[in-house]
Number of protein chains: 2
Amino acid sequence: MKKRVLTGDRPTGRLHIGHFLGSLRNRVEMQETHDQFVLIANVQALTDNFDDPGRVKDSILELLCDYYAVGIDFDKTTVFIQSEVPQIHEIFVYLANFVTIQQVSHNPTIKTELKQKRMEKSTPLGFFMYPVHQAADILCVRADLVPVGKDQAPMVEGTRDLAKKFNEMYGKAVLTEPEAVYGVEKNVPGVDGNEKMGKSLNNAIYLGDSRDELRKKVFLVYTDPNRIHADDPGSVEGNIAFTYHDLFNSDKSEVEDLKSRYRAGKVGDVVVKERLFEVMDEFLSPIREKRREAEERKQELLEKALEGSKKVREIADEVVGEMKEAMKIKF
Amino acid sequence: MKKRVLTGDRPTGRLHIGHFLGSLRNRVEMQETHDQFVLIANVQALTDNFDDPGRVKDSILELLCDYYAVGIDFDKTTVFIQSEVPQIHEIFVYLANFVTIQQVSHNPTIKTELKQKRMEKSTPLGFFMYPVHQAADILCVRADLVPVGKDQAPMVEGTRDLAKKFNEMYGKAVLTEPEAVYGVEKNVPGVDGNEKMGKSLNNAIYLGDSRDELRKKVFLVYTDPNRIHADDPGSVEGNIAFTYHDLFNSDKSEVEDLKSRYRAGKVGDVVVKERLFEVMDEFLSPIREKRREAEERKQELLEKALEGSKKVREIADEVVGEMKEAMKIKF
C-alpha cells in the first residue's frame, strides 16, 4: 500500500519559484508514488490575517491555479481546505491536553515568528496554539510522512510526540505517528539578494508572472555591486543572476563559461541577464500557460478541493471516533 | 419570546447540597420562565482528568440523575453534552484569534486554579485555553443570559468582549452578546467548617446520600470547638450546625430558640444535630427517592441528553455558518 504523505500551504498570496523548487516539484513527483494529500490551511492563515479575510479567500483560488499550473493532478492528489474539515479543531482540542504552554512557548517556529511579527507582547491565542493545531492537520488524515524543510522538523517531531503520548495514555494505537522526510533543500534567494524570497519582501518571481514582469524582475536582479563597468572583473558568489542560472539553466557548460568570462570582466550584466531571462522564461512559459487555463477553470478546481475535503472529513471522522472511544466519550 | 439561559456543570462527581442552593434550585425555577440550556462540560472535565476518563464518563450519568432528582424536566430544559457538539471547538478556534495569551494569563479563574492545582510550571494548553473554550459554549447556543457566581463574572465579561470584537471586526451582529445574571449567592460551607464544600475536600453532603450517610455526616458537623460540656455556653457563629439550620430549617422561630438556648448552654450538640438531621432528611428524602427512580432510567435520561445535543448542534451549525460567512470561508 502506498504511504500517505501530507503537505500544505497557507493561502496568503501566490506561489513563487522558491515554492516550486522547495516543494511543488516534489509534490508532482510524489503524487505518482504516494497517497498524497495537500492542505490549504486557511484557518491558520486567518490567525494572522483575521482582519483581512478577503485576502485569504482570494489566495485559495490563486493556490489552486498554481497547483494546477505546475502539474498537480487533482485526481491523483487530494487537495483539501482546512475550514471544511471541522474535525481538525476537535482533534486539536483533545491534543491540547497533552502539551504544556511552556512546551509551546519553546517551539522555535513560534519563537521566531513572534519576534518577526513583533507579537511577543500581545500574541493572539490563535497564533500561539497553531503548532498544536498543525499536529491535528497531520493526524486527521493519518499521514505517514510529512516532507519538510529542516526548520519545520520540530513541528513533525512535536506531532509524533503528541500522537505517542495519546496512544500511550489510552493504551491503543489510535493516532498514526508521522515521520518527517527531508527533501534536498533548495533555498531560493529573492531578486534583491535577500536570503528569503517572499511577498512581504517584495522580491519574488511568481509562477504566474507575465513575460514582461519576469523580464523586469530579472533585470533588477542583484549582481555584483562593486562592478561599475562591463569590463571590470566581477564576482559570481552572492550574485543572484548566477544563483538563478545555477538553478534554472540546464546547460551547465554555458553557465561555467559565463561565470569565467564574468570573473575576467569579459561579459556584462546585460548579457548574463538577457540569457537568464530566456532560460527562466522557457521554464515559466508552460506553467504560465497552464495557469491561464486554470484561471478559466477556477470554479471546477474549487469543486475538486471541496470533494477532497469531503474525503478528508470521512477519514477524520474515523480518527475522532477512535479518539473518543479511547477517552470514553463515544455515545 | 423567552430569553435563552445557559448554565452547566463539569462531570467530575456527584452534586451536593451546595450545588442545590447555589444553582440547581434556580434552574428548576428558570425552566418555567426561560428557554433553558444546561451543558454537561465533559470535554472541559477531561482537561484535568484526561488520565481518568472513566470518572468523567460515570459522572455524566450521575449528573443526569441529580438533575432529574431535583426536578429538572428534560422536556423543558435542553440538557446537552459538550463532546456531542463539535461546533463548540470550531467556534473556539475562530474566537482564539481575538484574545491574547497575555489576556488569558490574567484571567483570575485561571490564575487561581493554576495555583490550586500547582500547574504554574507545566500548564496543559487544554487547561490554559478553557476560559476561551467556555466562551464558545455560551456563544454556540446564542445564550442571552448566564447565571453565575460573582467569581465567574470575568468569564461572562470575557465572552461578551469576544463576541463584541468579532462582531465589530466583521461589521455584523453574528454572535449574541450574553449578559451575566447574579443570583442570591448562597455559599454552603463543608461539614468540616471549610468555606467551600467539595469532593476533593471530602466534606460534602450529596443529594444522593442515604439516610445513614446523612446521619453520619450531620453528626460530624463542625460546631463550637471550645465547648466541652453540653451546659457550656456555645457560639453559633461559624458553627456549621447552625449554618445548616439557617439554610434548611424552614421553622425560623425554632432555629432562633435553639440558637439562644445554645448560647446559654441550655441545649447540647446532640439535640441540635438530631433536629438538623431530621430537617435535612426531610429535605433530601424526596430528592433521594426521585434519584432512585432516575437510576433505573439512566439510559433514557442519556437519550434525552443526546437529543438535546442534536438540537444544540443545529443551533451551533447556524452560528458557525454565520461566522464563516463573515470570515469569507463559507463555500
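The shown structure was predicted, so the numbers you read here are calculated from the model rather than taken from an experiment.

### A closer look at the domain arrangement of chain A
Residues and elements named next belong to chain A. Entries for chain A in the domain assignment read domain 1 (4-189 + 297-326) and domain 2 (211-291). On a C-alpha basis, the centroid separation for the pair domain 1 and domain 2 is 35 Å. Here domain 1 and domain 2 share an interface that buries about 1,100 Å² over both sides, 72% of which is from carbon and sulfur atoms. For domain 1, the biggest contributors to the area lost against domain 2 are Ile17, Ala69 and Pro189; these three give 45% of the whole. The interface formed by domain 1 and domain 2 includes 3 residue pairs in polar contact (both at pLDDT 80 or more).

### Some words on helix H9 (residues 153-170) of chain A
The end-to-end C-alpha separation of H9(A) is 26 Å, in line with the 26 Å expected for 18 residues at 1.5 Å each. Taken residue by residue, H9(A) has Ala153(A), Met155(A), Val156(A), Thr159(A), Arg160(A), Leu162(A), Ala163(A), Phe166(A), Asn167(A) and Tyr170(A) as its buried positions. Against the buried residues of H9(A) lie helix H4 (87-95), helix H8 (130-140), strand S4 (145-148), strand S5 (179-182) and helix H14 (298-326) of chain A together with helix H3 (53-70) of chain B.

### A word on the nonpolar core
With 104 residues, the main nonpolar core has Leu125(A) and Leu125(B) as its most contacted residues. Discounting chain neighbours no more than four positions away, the residues touching Leu125(A) are Phe92(B), Ala96(B), Val99(B), Thr100(B), Ile101(B), Val104(B), Phe128(B), Met129(B) and Val132(B).

### Looking at the interface of chain A and chain B
Accessible area lost when the parts come together is the quantity often used to give the size of an interface. Across the boundary between the two partners, chain A contributes 48 residues, which contact 48 residues of chain B. For the pair chain A and chain B, the two sides together bury roughly 4,000 Å², of which 72% comes from carbon and sulfur. On the chain A side of the interface with chain B, the three residues burying the most area are Asn97(A), Leu125(A) and Phe331(A), jointly 18% of the side's total. Counting the contacts that link chain A with chain B gives 14 residue pairs in polar contact (both at pLDDT 80 or more). Elements supplying a minimum of two residues to the side of chain A that touches chain B: helix H2 (42-47), helix H3 (53-70), H4, helix H5 (101-105), helix H7 (125-128), H8, H9 and H14 of chain A. When residues of the side of chain A that touches chain B are assigned to their parent elements, the largest contribution, 5 residues, is made by H4(A).

### What about the relation of the copies chain A and chain B?
The transform that puts chain A on chain B rotates by 180° and translates by 0.0 Å along the axis, for an RMSD of 0.0 Å. The symmetry that links the two subunits is that of a two-fold axis. For chain A, the smallest separation between a C-alpha atom and the rotation axis is recorded for His89(A), amounting to 2.9 Å. Residue by residue, 100% of the interface of chain A is reproduced at the interface of chain B, so both copies engage with the same surface.

### Describing the packing of aromatic side chains
Enumeration according to the criterion identifies 19 aromatic pairs over all chains in this entry. Judged by centre distance (4.9 Å) and plane angle (70°), the ring pair of Phe242(A) and Tyr262(A) falls under edge-to-face. On the criterion of sequence distance, the pair formed by Phe242(A) in helix H11 (residues 240-248) and Tyr262(A) in helix H12 (residues 252-263) is long-range, its members being 20 residues apart. Both rings, one in Phe98(B) and one in Tyr170(B), keep their centres 6.2 Å apart while their planes meet at 80°; by these two values the pair is edge-to-face.

### So, the pairing of strand S4 (residues 145-148) of chain B
Residue and element names in this part refer to chain B. Residue alternation in S4 divides its side chains into two sets, Leu145 and Pro147 and Val146 and Val148, and both sets are buried. Sheet analysis places S4 next to strand S5 (residues 179-182), joined by 4 bridges and oriented parallel. Within S5, the position partnered with Val148 by the bridge is Tyr182. Assessed by its sense of winding, the connection that carries the chain from S4 through helix H9 (residues 153-170) to S5 is right-handed.

### Side note on the UniProt feature "coiled-coil region" (unreviewed entry) in chain A
In this structure's numbering, the residues bearing the UniProt feature "coiled-coil region" (unreviewed entry) are residues 284-311 of chain A. Helix makes up 96% of residues 284-311 of chain A and strand 0%. Its end C-alpha atoms lie 32 Å apart.

### A word on the environment of Glu295(A)
Residue and element names in this part refer to chain A. Positionally, Glu295 belongs in helix H13 (residues 269-296). Accessibility expressed as a relative area gives 35% for Glu295, which makes it partly exposed. It is 9.1 Å that separates the C-alpha atoms of Glu295 and Leu64, two residues lying 231 residues apart in sequence. Excluding its chain neighbours within four sequence positions, the residues that come into contact with Glu295 are Glu62 and Cys65. In this structure the side chain of Glu295 is engaged in a polar contact, spanning 3.4 Å, whose partner is the side chain of Lys298.

### Focus on the pattern of salt bridges
Going through the model one piece at a time under the given rule, you end up with 53 salt bridges over all chains. One salt-bridge network, in which partners are shared between bridges, spans Glu62(A), Asp66(A), Arg291(A), Glu295(A) and Lys298(A).

### Side note on the pairing of strand S3 (residues 78-81) of chain A
Residues and elements named next belong to chain A. Taking every second residue as pointing to the same face, both faces of S3 are buried, with Thr78 and Phe80 on one and Val79 and Ile81 on the other. As paired strands, strand S2 (residues 35-40) and S3 are joined by 4 bridges and run parallel to one another. Each bridged residue has a counterpart across the sheet, and for Val38 the counterpart in S3 is Val79.

What counts, and at which threshold
Counting restarts for each chain: residues are numbered from 1 in the order of the written sequence. Chains carry letters and ligands carry numbers; both start at the beginning, A for chains and 1 for ligands, and go up in the order they are written. For a predicted model such as this one, the threshold for reporting local features is a pLDDT of at least 70, and the threshold for listing and counting side-chain atom pairs is 80 or more; totals across whole chains, interfaces and linings nevertheless cover every residue. No hydrogens and no water enter the side-chain calculation; it runs on all heavy atoms of the structure. Residue ranges assigned to each domain were obtained from an automatic or database domain assignment. Put simply, buried area is the surface a 1.4 Å probe can reach on two separate parts but cannot reach once they are joined, added for both. Pairs of N or O atoms within 3.5 Å make up the polar contacts considered here, provided that, within protein, one atom can donate a hydrogen while the other can accept it, and that residues adjacent in sequence are counted only when both atoms are side-chain atoms. Secondary structure is summarised from DSSP: a helix means a run of H or I of at least four residues, a strand means a run of E of at least two, and numbering begins at the N terminus for each. Multiplying 1.5 Å by the helix residue count minus one yields the expected span of that helix. Buried residues are those whose accessible area, probed at 1.4 Å on protein chains only, stays under 20% of the maximum for their type, while exposed residues exceed 50% and partly exposed ones sit between those limits. Working rule for contacts: check all heavy atoms of both residues, and any pair within 4.5 Å makes them a contact. The term nonpolar core refers to a set of buried residues drawn from Ala, Val, Leu, Ile, Met, Phe, Trp, Tyr and Cys, joined through side-chain atoms within 4.5 Å. Superposing the copies works by least squares over the C-alpha atoms of residues that have pLDDT at least 70 in both of them. Pairing of aromatic rings covers Phe, Tyr and Trp, the last counted by its six-membered ring, and requires centre-to-centre distances within 6.5 Å; plane angles under 30 degrees mean stacked, over 60 mean edge-to-face, and any other angle means tilted. For two strands to be treated as a pair, DSSP must find at least two bridges joining them. A right-handed crossover is one whose linking path, passing over the helix from the first strand to the second, runs clockwise when the strands point away from the viewer. UniProt positions are given in the numbering used here, feature names are shortened, and annotations may be inferred rather than shown by experiment. Any carboxyl oxygen of Asp or Glu within 4 Å of a side-chain nitrogen of Lys or Arg constitutes a salt bridge here.

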